[in-house]
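Spelled out, the chains give:
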Amino acid sequence: MTTSGAAHIAGVYEHPLRSIPDKTVPQIHAEVAIGALADAGLTMADVDAYYSAGDAPGFGALSMIDYLGLDVHHVDDTETGGSSYLVHVRHAAQAIAAGHIDVALITLAGNPRSGGSGPGGSARFADAPEASFENFFGMGIISGYAMAARRHMYEFGTTSADLAEIKVAASTHAQHNPDAFLRDVVTVDQVLESRLISDPLHLLDACVVTDGGGALVVVSEDVARQLDRHTIPVLGGGEAIKGTRAGRVDLTHTAAVVSGPAAFAEAGVTPADIDYASIYDSFTITVLVTLEDLGFCEKGKGGEFVRDGALQAPFGRLPFNTDGGGLCNNHPANRGGMTKVIEAVRQLRGEAHPAVQVPDCELALAHGTGGSMATRLGSATLILGREARR
Amino acid sequence: MTDTTPTTDGAGPLPTGEPWVTHETKPYWDATAEGRLDLPCCTVCDLVIWYPRAICPDCHTSEVEWRTMSGRGTVHSFTITRAGVSRKWREHLPIVVAYVQLEEGPIVLTNIVDVDPATVAIDMAVTAVFHDTGHGNAILRFTATGS
Ligand SMILES: [Zn+2]
């Protein structure tokens, strides 16, 4: 069964604030849910399926469905870190294609900037089978990605200046986003001169830490037809998990090597057809490796690919993260997958900032990465279209 | 890059902690108390299994036996971490976090200790050292071979 085109993203909402000290996490979930439903022209009463991930407090979806006052007959709490929300879109598309649901609501919220705990918290991982073999080495999130960057440099000759190009492109876009956490345009030199946090990654190779959230509404074609809003068909999707493989650690690939081809095959398109790409950017290295793994360039050529403003909208070879991405705009709840989908929808609707709107944007890709490139991660890819295939 | 700050001098040995010892992993932790790196190995497909577990993740047999590793390896990748760690690690910064490939195959997460971080490089030869946790076992770390 193909799900291609059966489901549409009808509503999206990104919380406009980056610091929200005066609201609870459930409250932010509710605000973004109401925002996305309003964008679609729907209400809570229309929702028949709810999706949440590890950022949903308490008992996850059970707690949130009760808090939000939803009445659903389909629930999915899939947790693959920052990629969860793209997985949710794919699962919703599959449930819609199977005729089980009509209106799916997906929410994300968190307040790490204001001191809120990270999704799940450390308690969540204390009983993981790997915990006692990975937790005694002072490895922060950035250390793992730094080891991936170092190995990529060793194997392929990638440089810190190549990685910096990615931050430069993101900052060039963020200057046009009034909600972005960082709006100053930076140069390659400024990235290289910023403080080394974990060699070879600098402060400006890392994403921002922000409060906030976002929500998506995915609907069946029947519902989409009845809405006034420009709905965005989900043409293809893929998801995959990669781990440490019993000690055969591979630092230079993500599971995008599986999720990408699956999504392209389902949509019947190739990387060359993509007009705009939202690429998960927890760190600059995440983007570079993902571009290779998705097939935008050969393995090891990511450094070359991102040079010369290739990622800069509107006229680069592959405009990316035109909202400023996680590197500059927003990384709500330390999870960037939700905002990747939201900006791809803005581009396809022609509602990105005029300075970064890709002309005639017909086909977009959104990609999420969750967990750590150094240990275990989830990759999820979506191909989204501008026009329904009817 | 030049950085001549020693990795552990001054602040004493790197922090340890109390490992969660289970029925599956007890032989591993018991061996560390004696300065040995023992790993489960599959008797059917010969996989040396990291991290330790009771069932082979390749062929899914329970026929695994514990074998003693050489303790020798090479640096697969590393980073000199200078920030972004929890409180108990802060006084030890900078630290070298690394993946070391054991002579027997598996690539394990660890620290490189008692070396000048500026001298650490991919492919560098390293040897296992064991840092007492105070709980009847030890944490596996590595230092430059011959140091
Ligand atoms: Zn086996």
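Whatever comes next refers back to the structure up there.
For clarity, every value in this text was computed on a predicted model and none was experimentally measured.

(A) Local environment of the coordination of the zinc ion. All names here are of chain B. Only Cys42 (SG), Cys45 (SG), Cys56 (SG) and Cys59 (SG) from the protein reach the zinc ion as donors, at distances of 2.2 to 2.4 Å. Here the zinc ion is ringed by four donor atoms whose angles at the metal span 98 to 121°, and the overall shape comes out tetrahedral. In the primary structure, the donors to the zinc ion are separated according to the pattern C-x2-C-x10-C-x2-C. Here the residue cysteine 42 occupies a position in strand β1 (residues 38-42), and cysteine 56 occupies one in the loop between β1 and β2 (64-68), the gap between them amounting to 14 residues. Residue cysteine 56 is classed as buried on the basis of its relative accessible area of 0%.

(B) Quick peek at the interface of chain B and chain A. Listed as interface residues are 45 residues of chain B and, on the opposing side, 32 residues of chain A. Between chain B and chain A lies a buried interface of about 3100 Å² when both sides are counted; carbon and sulfur atoms form 62% of it. If you sort the residues of chain B by the area they bury against chain A, B:Tyr51, B:Tyr99 and B:Leu109 come out on top, with a joint share of 21%. For the pair chain B and chain A, the number of links is two salt bridges. Here B:Asp58 makes a salt bridge to A:Arg248, at a shortest N to O gap of 2.8 Å. At the junction of chain B and chain A, the tally comes to 20 residue pairs in polar contact (both at pLDDT 80 or more). By residue number, the principal contributor to the side of chain B that touches chain A is strand β3 (residues 72-81) of chain B, which donates six residues. Within the side of chain B that touches chain A, the residues separate by chemical class into 28 nonpolar, 11 polar and six charged.

(C) Layout of the pairing of β1(B). Burial analysis of β1(B) places five of its five residues in the buried class, the great majority of the element. By the alternation rule, side chains of β1(B) split into B:Asp38, B:Pro40 and B:Cys42 and B:Leu39 and B:Cys41, which are all buried.

(D) Representation of helix α2 (residues 61-68) of chain A within the structure. Residues and elements named next belong to chain A. Taken as a whole, α2 has its buried residues at Ala61, Met64, Ile65 and Leu68. All buried residues of α2 project into a common sector of 100° when viewed along the axis, lining one side. Residues of α2 that are exposed and angled more than 90 degrees away from the buried face: Leu62 and Asp66. Where α2 terminates, the next one or two residues include glycine 69, which has phi positive at roughly 75°.

(E) Spotlight on the environment of A:Ser372. Residue and element names in this part refer to chain A. Note that serine 372 resides in the loop between β10 (363-371) and β11 (377-385). In this structure, the C-alpha to C-alpha distance between serine 372 and alanine 161, residues 211 residues apart in sequence, is 23 Å. At 3.0 Å, the side chain of serine 372 forms a polar contact with the backbone nitrogen of alanine 374.

(F) Main features of unusual backbone geometry. Cis geometry is adopted by the peptide bond preceding A:Pro200, which originates at A:Asp199 and carries an omega value of 0°. A cis amide bond links B:Leu93 to the next residue, B:Pro94, at an omega of -5°. With respect to the secondary-structure elements, B:Pro94 resides in the loop between α2 (87-90) and β4 (95-102). Its identity as a non-glycine residue notwithstanding, A:Asn321 has a phi of 40°, on the positive side. Residue A:Asn321 is classed as buried on the basis of its relative accessible area of 1%. Phi at A:Asp360 takes a positive value of approximately 55°, unusual for a residue other than glycine. By secondary structure assignment, the location of A:Asp360 is in the loop between α14 (337-349) and β10. Given the relative accessible area of 51%, A:Asp360 is considered exposed.

What counts and how
- Residues numbered from 1 in each chain as written.
- Chains lettered and ligands numbered in written order.
- Predicted model: local features only at pLDDT ≥ 70, side-chain atom pairs only at ≥ 80, totals over all residues.
- Heavy atoms only, no water.
- Donors = N, O, S within 2.8 Å, 3.2 Å for Na, K, Ca; no water.
- Tetrahedral: all angles 85-135°; square planar, octahedral: opposite > 155°, others 65-115°.
- Helix = DSSP H or I, 4+ residues; strand = E, 2+ residues; numbered from the N terminus.
- Buried < 20%, exposed > 50% of the residue type's maximum accessible area, 1.4 Å probe, protein only.
- Contact = heavy atoms within 4.5 Å.
- Buried area = accessible area lost by both parts, 1.4 Å probe.
- Salt bridge = Lys/Arg side-chain N within 4 Å of Asp/Glu carboxyl O.
- Polar contact = N/O pair within 3.5 Å; in protein donor to acceptor, adjacent residues only side chain to side chain.
- Nonpolar A, V, L, I, M, F, W, Y, C, P; charged D, E, K, R; others polar.
- Arc of directions from axis to C-beta.

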